[in-house]
Protein chains: 2
Amino acid sequence: MYKVNVGKKILSANEEYALKNSQLLAEQKKLCLNMISSPGSGKTTILTRTISELKDEITIGVIEGDIQTDLDAARIRATKAPAIQINTDGACHLSAAQISGALENLPVSDLDLIFIENVGNLVCPSAFELGENGKIVVLSVAEGDDKPAKYPVIFAKSKALLINKIDLLEVIGQVDFDIERVKADARKLNKNIEIFPISAKTGEGMTDWYDWLKKEVKKIRM
Amino acid sequence: MYKVNVGKKILSANEEYALKNSQLLAEQKKLCLNMISSPGSGKTTILTRTISELKDEITIGVIEGDIQTDLDAARIRATKAPAIQINTDGACHLSAAQISGALENLPVSDLDLIFIENVGNLVCPSAFELGENGKIVVLSVAEGDDKPAKYPVIFAKSKALLINKIDLLEVIGQVDFDIERVKADARKLNKNIEIFPISAKTGEGMTDWYDWLKKEVKKIRM
């Protein structure tokens with residue numbers, strides 16, 4: 001007779017690596033946030049400003065995911081923060097195995113917070129757990145206010161929503177981007193989502209985002 | 001002895017449907033363009049304006065691909081053009097089988113041009129042939145000028161690049177979006193790509209795009 005072990009869930013290769021990553025992060029009490037958005041929503045600019053403005057309070061490292069080029073890692077390294085570039089070479093998302101390799105090459109014990117900047121794609125990365133503590137979805141106001149309705153999964157799964165490029169709101173106009181609609185649609189999908197309207201270019205709204213990050217880093221350390 | 005038919009390429013299910021779609025389009029001499037971009041680059045606005053402004057010269061139908069909602073098909077139908085909404089229910093791209101079904105439900109013989117508006121995603125849809133005559137990539141200036149370098153495949157494969165939202169260029173500034181860099185990077189990947197800087201909101205640059213569409217419709221008919 002065959003014995004089936006019903007107590008053990010069979011994990012996919014990605015889930016195995018995600019579990020390994022989350023165990024490493026938990027042991028070392030490090031916060032790891034997986035940033036997901038469409039291409040060009042401003043993820044790298046948000047990170048460079050956040051790293052620079054928090055440098056005396058939180059030490060940040062970054063894992064950069066891109067299909068091609070190391071343009072983004074170069075922008076992060078210009079802030080003096082450590083950055084590992086992963087080129088997916090065509091693949092539309094980062095995998096937990098790639099993150100596991102990157103974590104081995106980052107000075108994790110010196111860091112408080114590790115950002116993963118995923119491949120620019122509002123769809124596929126939301127389906128792959130990387131072992132992170134939470135997902136951050138970024139939406140630029142130039143993308144339109146119908147995005148939570150049209151791409152619900154990532155809004156449902158994220159700890160926080162950054163509504164970026166609010167400096168463009170005046171030119172785009174409320175007809176084309178109704179920020180209250182975005183907030184309501186996101187909260188319908190995820191009642192606990194934190195929402196920060198920001199401009200990584202002008203700095204508007206960034207303080208609330210920083211306060212939230214400091215609080216989250218503190219929670220992990222306890 | 002087994003006989004191997006080396007002359008026949010084994011097609012994937014997607015390629016089989018793509019071939020079937022392209023045969024149908026060729027028999028009926030219809031132009032079919034597959035529009036691909038990040039979420040929020042303005043694909044639907046480009047289509048509604050194009051349909052309205054060309055309505056006396058070209059009859060257009062639309063196949064709308066979205067993960068969720070029929071918001072986009074409703075916007076197309078408001079112009080009186082026929083539109084079929086496909087909900088991929090989580091999938092990150094349209095498949096040729098879905099297009100085959102949609103073509104059966106569109107009044108193809110009455111149309112000159114069928115646009116496929118793919119799921120908002122600059123990565124995955126570029127890998128799936130739908131049987132179309134050509135791909136159109138749309139890039140909004142708000143997404144930044146590094147996108148051809150970072151997402152090269154779709155720029156390499158497209159017949160035309162629409163650089164949309166040029167009405168925002170003045171506020172975004174040349175430092176954040178160098179249009180000459182975009183053109184040069186796109187042409188490095190694809191020396192024959194047609195490039196149209198447009199604003200689907202103000203109408204700027206749309207005439208050149210319309211002239212190109214009329215020329216392409218005429219070519220197919222010959």
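Scroll up a little and you will see the structure.
Colleague: So what exactly am I meant to see when it comes to the packing of aromatic side chains here?
Modeller: Think of a pair of aromatic rings as described by two things: how far the centres are apart, and how the planes are tilted against each other in angle. All names here are of chain A. Per the counting criterion, the structure on display carries 8 aromatic pairs over all chains. A centroid spacing of 6.2 Å and a plane angle of 35° characterise the contact between Phe-115 and Trp-209, whose relative ring orientation is tilted. Placement of the pair is Phe-115 in strand S4 (residues 113-117) and Trp-209 in helix H9 (residues 206-221), with a sequence separation of 94 residues. According to the relative accessible area criterion, Phe-115 is buried, its value standing at 0%. You can call Trp-209 buried: its relative accessible area is 0%. Of the aromatic side chains, those joined through ring pairs into one cluster are Phe-115, Phe-196, Trp-209 and Trp-212.

Colleague: Sorry, what's going on with the interface of chain B and chain A here?
Modeller: A common way to express how large an interface is: the accessible area buried when the components associate. Each side of the interface is counted separately: chain B has 33 residues, and chain A has 32 residues. Where chain B touches chain A, the interface holds 6 salt bridges. We note a salt bridge from Asp-72 of chain A to Lys-150 of chain B, for which the minimum N-O separation is 2.7 Å. For the pair chain B and chain A, the number of links is 12 residue pairs in polar contact (both at pLDDT 80 or more).

Colleague: Is there a simple way to think about empty space enclosed by the protein in this case?
Modeller: In this approach the atoms are scanned with a rolling probe the size of a water molecule, which exposes any empty space left behind. Scanning the entire structure with this criterion turns up 1 cavity of 30 Å³ or more. Of the pockets and cavities examined, the largest cavity occupies roughly 50 Å³. Along the walls of the largest cavity sit Pro-39, Gly-40, Ser-41, Ser-140, Ala-142, Glu-143 and Lys-165 of chain A together with Pro-39, Gly-40, Ser-140, Ala-142 and Glu-143 of chain B, which together make up its complete lining.

Colleague: Sorry if this is basic, but what is going on with the sheet that holds strand S2 (residues 60-66) of chain A here?
Modeller: Hydrogen bonding along the main chain pairs the strands of a sheet, whether they run parallel or antiparallel. Residue and element names in this part refer to chain A. In spatial order, the strands read S3-S2-S4-S1-S5-S6-S7; together these 7 strands make up an open sheet with parallel pairing. Whereas interior strands pair on both sides, the edge strands pair on one side only; in this sheet they are strand S3 (83-87) and strand S7 (194-197). Ignoring strand direction, the axes of neighbouring strands in this sheet form an average angle of 20°. With 5 bridges joining them, S2 and S3 adopt parallel strand pairing. From the neighbouring strand, Gly-65 faces S3, where its bridge partner is Ile-86.

Colleague: Just checking my understanding: could you explain the nonpolar core for this structure?
Modeller: One broad trend across soluble globular proteins is that nonpolar side chains are buried collectively. One finds Leu-161, Ile-163 and Phe-177 of chain A together with Leu-161, Ile-163 and Phe-177 of chain B to be the most contacted residues of the largest nonpolar core, which totals 50 residues. Listed by contribution, the elements that provide at least two residues to this core are strand S5 (134-140), helix H6 (152-157), strand S6 (160-164) and helix H8 (179-189) of chain A together with strand S5 (134-140), helix H6 (152-157), strand S6 (160-164) and helix H8 (179-189) of chain B. Among all residues touching Phe-177 of chain A, those that are not within four sequence positions of it are Leu-139, Ser-140, Val-141, Gly-144, Asp-145, Ile-163, Leu-169, Ile-172 and Val-182 of chain A.

Colleague: Explain the relation of the copies chain B and chain A here, please?
Modeller: The relation between the two chain copies is a rotation about an axis coupled with a shift along that axis. Take chain B, turn it by 180°, move it 0.0 Å along the axis, and it overlays chain A with an RMSD of 0.0 Å. Here the two chains are linked by the operation of a two-fold rotation axis. Looking at chain B, 97% of its interface residues are interface residues in chain A too, so the copies touch through the same face.

Colleague: How should I be thinking about the pattern of salt bridges in this particular structure?
Modeller: If charged atoms from side chains of opposite charge come close, those side chains can pair. Evaluation of the coordinates by the stated rule reveals 34 salt bridges over all chains. A salt bridge links Asp-66 of chain A to Lys-150 of chain B, with the nearest nitrogen and oxygen atoms 3.6 Å apart. Here Asp-66 of chain A, found in strand S2, pairs with Lys-150 of chain B, found in helix H5 (residues 147-150), and the two come from separate chains. There is no split in this pair, since Asp-66 of chain A and Lys-150 of chain B are both buried.

What counts, and at which threshold
Residues numbered from 1 in each chain as written. Chains lettered and ligands numbered in written order. Predicted model: local features only at pLDDT ≥ 70, side-chain atom pairs only at ≥ 80, totals over all residues. Heavy atoms only, no water. Phe/Tyr/Trp six-rings, centres within 6.5 Å; stacked < 30°, edge-to-face > 60°. Helix = DSSP H or I, 4+ residues; strand = E, 2+ residues; numbered from the N terminus. Buried < 20%, exposed > 50% of the residue type's maximum accessible area, 1.4 Å probe, protein only. Contact = heavy atoms within 4.5 Å. Salt bridge = Lys/Arg side-chain N within 4 Å of Asp/Glu carboxyl O. Polar contact = N/O pair within 3.5 Å; in protein donor to acceptor, adjacent residues only side chain to side chain. 1 Å grid on protein atoms, 1.4 Å probe; cavity = no way out; pocket = protein on both sides within 12 Å on 5 of 7 lines; lining within 4 Å. Points joined across faces, edges and corners; volume = space filled by probe spheres on them. Pairing = 2+ DSSP bridges. Axes fitted to C-alpha atoms, helices over the stretch in contact; angles between N-to-C directions. Core = buried A, V, L, I, M, F, W, Y, C linked by side-chain atoms within 4.5 Å. Least-squares fit on C-alpha atoms with pLDDT ≥ 70 in both.

What is shown is where atoms sit, not what they do.
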